[in-house]
Amino acid sequence: VLSKGPPTAYDLAAARDFPRRSGGARGQLVIVEPVALAPYDSEKIVVRPSPGEAAQLSDAQWEDRLPKLLQARILQSFENASRLRAVGRPADKITTDFVLLTGVRAFEISAVDNTAVVEFAAKIVRERTGRIMAARVFRVTVPAASTQGAGAVAALNEAFAKVAKEHVLSAARAV
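If you're wondering where the values come from, they're calculated on a predicted model, not measured in any experiment.

(A) Broad picture of the pairing of strand β9 (residues 132-143). In this sheet, β9 lies alongside strand β8 (residues 115-126) in antiparallel orientation, the contact comprising 11 bridges. What sits directly across from Ile 124, in β9, is Ala 134. Taken together, β8 and the strand that follows it, β9, pair antiparallel across an intervening segment of five residues, in which Gly 130 is found at a positive phi of about 80°.

(B) Geometry of the pattern of salt bridges. Considering all chains together, one arrives at 10 salt bridges under this definition. Here Asp 11 and Arg 73 are joined by a salt bridge, their closest N and O atoms 2.9 Å apart. Separated by 62 residues along the polypeptide, Asp 11 in the loop between β1 (8-10) and β2 (26-31) and Arg 73 in helix α1 (residues 66-81) bring together distant segments of the chain. Classification of Asp 11 as partly exposed rests on a relative accessible area of 29%. For Arg 73, a relative accessible area of 13% corresponds to the buried category. Here Glu 119 makes a salt bridge to Arg 105, at a shortest N to O gap of 3.4 Å. Of the two residues, Glu 119 sits in strand β8 while Arg 105 sits in strand β7 (residues 98-110), which places them 14 residues apart along the sequence. Residue classification places Arg 105 among the partly exposed positions, given a relative accessible area of 48%.

(C) Geometry of the side chain of Glu 108. When you line up the elements, Glu 108 lands in strand β7. Its relative accessible area of 10% is what places Glu 108 among the buried residues. Reaching out from Glu 108, the side chain makes a polar contact with the side chain of Tyr 40 at a distance of 2.3 Å. In this view, Glu 108 contacts Tyr 40, Val 46, Arg 48, Thr 115, Ala 116, Val 117 and Leu 156; residues no more than four positions away in its chain are not counted.

(D) Up close: the packing of α1 against helix α2 (residues 149-174). Relative to each other, α1 and α2 sit at 55°, their axes nearing to 10 Å. Put simply, α1 runs oblique to α2. The crossing of α1 and α2 is right-handed. Each of Leu 70, Arg 73, Ile 74, Ser 77, Phe 78 and Ala 81 in α1 lies in contact with α2, whose residues at this interface are Phe 160, Ala 164, His 167, Val 168 and Ala 171. The class makeup of the residues in the contact of α1 with α2 is eight nonpolar, two polar and one charged.

(E) Quick look at the packing of aromatic side chains. In total, this model carries three aromatic pairs according to the counting rule given. Judged by centre distance (5.8 Å) and plane angle (75°), the ring pair of Trp 62 and Phe 107 falls under edge-to-face. Placement of Trp 62 in strand β5 (residues 55-62) and of Phe 107 in strand β7 is noted, with a sequence separation of 45 residues between them. You can call Trp 62 buried: its relative accessible area is 1%.

Calculation criteria
Residues numbered from 1 in each chain as written. Predicted model: local features only at pLDDT ≥ 70, side-chain atom pairs only at ≥ 80, totals over all residues. Heavy atoms only, no water. Pairing = 2+ DSSP bridges. Helix = DSSP H or I, 4+ residues; strand = E, 2+ residues; numbered from the N terminus. Salt bridge = Lys/Arg side-chain N within 4 Å of Asp/Glu carboxyl O. Buried < 20%, exposed > 50% of the residue type's maximum accessible area, 1.4 Å probe, protein only. Polar contact = N/O pair within 3.5 Å; in protein donor to acceptor, adjacent residues only side chain to side chain. Contact = heavy atoms within 4.5 Å. Axes fitted to C-alpha atoms, helices over the stretch in contact; angles between N-to-C directions. Parallel < 35°, antiparallel > 145°, perpendicular 65-115°, else oblique. Left-handed = near helix turned anticlockwise from the far one by under 90°. Nonpolar A, V, L, I, M, F, W, Y, C, P; charged D, E, K, R; others polar. Phe/Tyr/Trp six-rings, centres within 6.5 Å; stacked < 30°, edge-to-face > 60°.

See below:
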């Protein structure tokens with residue numbers, strides 16, 4: 001699809017509406033910017049016309065590089081959950097108990113089956129020892145109303161919110 005003018009820039013929404021928690025907040029967590037391969041390490045929104053083939057939407061892009069945007073929205077998701085004593089980025093210079101390392105495996109629209117696919121590999125590492133306390137892969141697919149523009153972004157947002165919520169609840173149990 002040819003675009004007239006610059007592509008529309010879209011944001012991601014942090015996960016909200018977490019279940020009530022029992023017990024007090026624990027641990028302090030630093031969230032490192034997610035690692036991503038080249039197709040995901042940009043503002044471009046990835047669409048897969050067929051397995052193994054990557055393209056970008058011409059009419060839409062992220063407001064910032066996807067890893068930086070993910071770091072911000074994952075951090076906000078943790079803040080929204082109120083499960084930890086403190087959460088921040090490495091630049092925040094907080095004394096931390098744990099570090100969250102995330103790798104983006106998929107953050108894309110599949111044109112083959114009109115779905116949004118979000119997949120992360122996450123590790124929680126104890127800061128003092130470097131020991132991995134928890135590791136898990138999170139994957140969510142949701143139907144996409146469209147493989148272009150706002151419809152594609154809405155599906156990616158929905159998939160991300162589900163992954164982020166599951167991710168936060170799992171990490172909070174490990175910390």
